[in-house]
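Analysis of the macromolecular model
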Amino acid sequence: MQQFAPYIYTTKLKTHVLPVTNCCFDKSGTRFATGSYDRTCKIWDTDSGKELLSLNGHQNVVYSLSFNNPYGDKLVTGSFDKTVKLWDTSTGKCFYTLSGHQAEVCSVLFNQNSTLIGSASMDHTAMIWDVRTGNQTQKLRGHSAELVQLDFNGDSVLTASFDGTVNIWDLRNALHPQFTLIGHRAEISSASFNYCGSRIVTGSMDGTAKVWDTQSGTCLATFQTHAQEVLDTCFSLTGNHIAIGTSDGTALLIDAKTLEKRFELKQHDNEISKIVFNSQGTLLMTCSKDKTARLWNASNGECLQQLDGHTDEVFSCAFNYNGDRLVTCSKDNSINVWAQYL
């Protein structure tokens, strides 16, 4: 990695009146969106910190949100009010309210070409929606407990559940799961595909993370942590690294090709709530209940920077695609924006 240039704290945004649950950038990085317990989603100008839009209409917590990157002209939000909403990001107009779930919606996402939306719910089901019409195209039933996450890769969808399993679905024939990944001994906390769709990483409240082969559904590796719970997992976009965040504040860096543990990252004083790589795969960001976020060198595990400024738990964090801006959002109702000047 080139010599690291620290990120400079630029702006604190405080128009949400309750804790901020989640954040995401559009592909250009010029705008980002935040969801909150105050039932709103807001879209912001990254450099000026100006609030561009406040999207109102949900009747409960806005828990999950996603731009239709690379286009960025639409945003989807999932709420504890059991609905999904699709928004125009230039006008703030709500195109559709997608109703059908019987409990809280906790994960929403566009597929890669932004023709479909997936939603995962505490009602034990996931639903697939047509972006153009707002119609539900499929309902994925197969779990015996609440769903916590959904991810797309091509025609495949994964759903992760508190029943301790992950189901892999082929949307061309989604009456039953193609595979069920069985092996965890407690609730699943996170699951995602790698970029090319060949592998899946899962994290569980049993204190382990596992890597699976998507063609066979077999477990390739299990990583036993020293913590009671694994709270978040992710692949780097480049496919080189896997990161694991735990309830004791430790993160693990795994070589995604050899599936060997490379580094234990020990700086946080409390649980890690979110873990994410920059798109170049050179930096890892962790955010924690200890009120900080930290940046790590993905190649050697060195802690490069501590991001302070929040007065309560940091719930979520995100890099823009270029990697020169990042945001952290917190239980203290605020969003902090950081910039890197090379």
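Residues numbered from 1 in each chain as written. Predicted model: local features only at pLDDT ≥ 70, side-chain atom pairs only at ≥ 80, totals over all residues. Heavy atoms only, no water.

Digging into the sheet that holds strand 8 (residues 84–88)
Taking strand neighbours across the sheet as the criterion, the 4 strands line up as 6-7-8-9 in an open arrangement whose pairing is antiparallel. Each edge of the open sheet carries a strand with a single partner, namely strand 6 (62–67) and strand 9 (94–98). When the angles between neighbouring strand axes are averaged without regard to direction, this sheet yields 15°. For strand 8 and strand 9, the ladder comprises 4 bridges, and the chain directions are antiparallel. Bridge pairing in strand 9 links leucine 86 to tyrosine 96. (Pairing = 2+ DSSP bridges. Helix = DSSP H or I, 4+ residues; strand = E, 2+ residues; numbered from the N terminus. Axes fitted to C-alpha atoms, helices over the stretch in contact; angles between N-to-C directions.)

Observations concerning the sheet that holds strand 29 (residues 303–307)
Overall, antiparallel pairing links the 4 strands, which are arranged 26-27-28-29 in an open sheet. Here the strands that pair on one side only, and so sit at the sheet edges, are strand 26 (272–277) and strand 29. Taking each pair of neighbouring strands and ignoring which way they run, the sheet shows an average axis angle of 20°. Where strand 26 lies against strand 27 (residues 283–288), 5 bridges are found, and the strand directions are antiparallel. Paired with isoleucine 275 across the two strands is threonine 286, which belongs to strand 27.

Notes on the side chain of serine 114
Position of serine 114 relative to the elements: it lies in the loop between strand 10 (105–110) and strand 11 (116–121). Within the structure, the side chain of serine 114 is placed 3.5 Å from the backbone oxygen of asparagine 68, a separation counted as a polar contact. Apart from residues no more than four positions distant in its own chain, serine 114 is found in contact with Asn68, Asn69, Tyr71 and Val131. (Polar contact = N/O pair within 3.5 Å; in protein donor to acceptor, adjacent residues only side chain to side chain. Contact = heavy atoms within 4.5 Å.)

Observations concerning the nonpolar core
Counting 14 residues, the largest nonpolar core has Tyr7, Met285, Leu295, Leu307, Phe319 and Leu326 as the members making the most contacts within it. Contributions of two or more residues to this core are made by strand 27, strand 28 (293–297) and strand 30 (314–319). Leaving out residues up to four positions away in the same chain, leucine 326 has contacts with Tyr7, Phe25, Met285, Leu295, Leu307, Ala318, Phe319, Asn336, Val337 and Trp338. (Core = buried A, V, L, I, M, F, W, Y, C linked by side-chain atoms within 4.5 Å. Buried < 20%, exposed > 50% of the residue type's maximum accessible area, 1.4 Å probe, protein only.)

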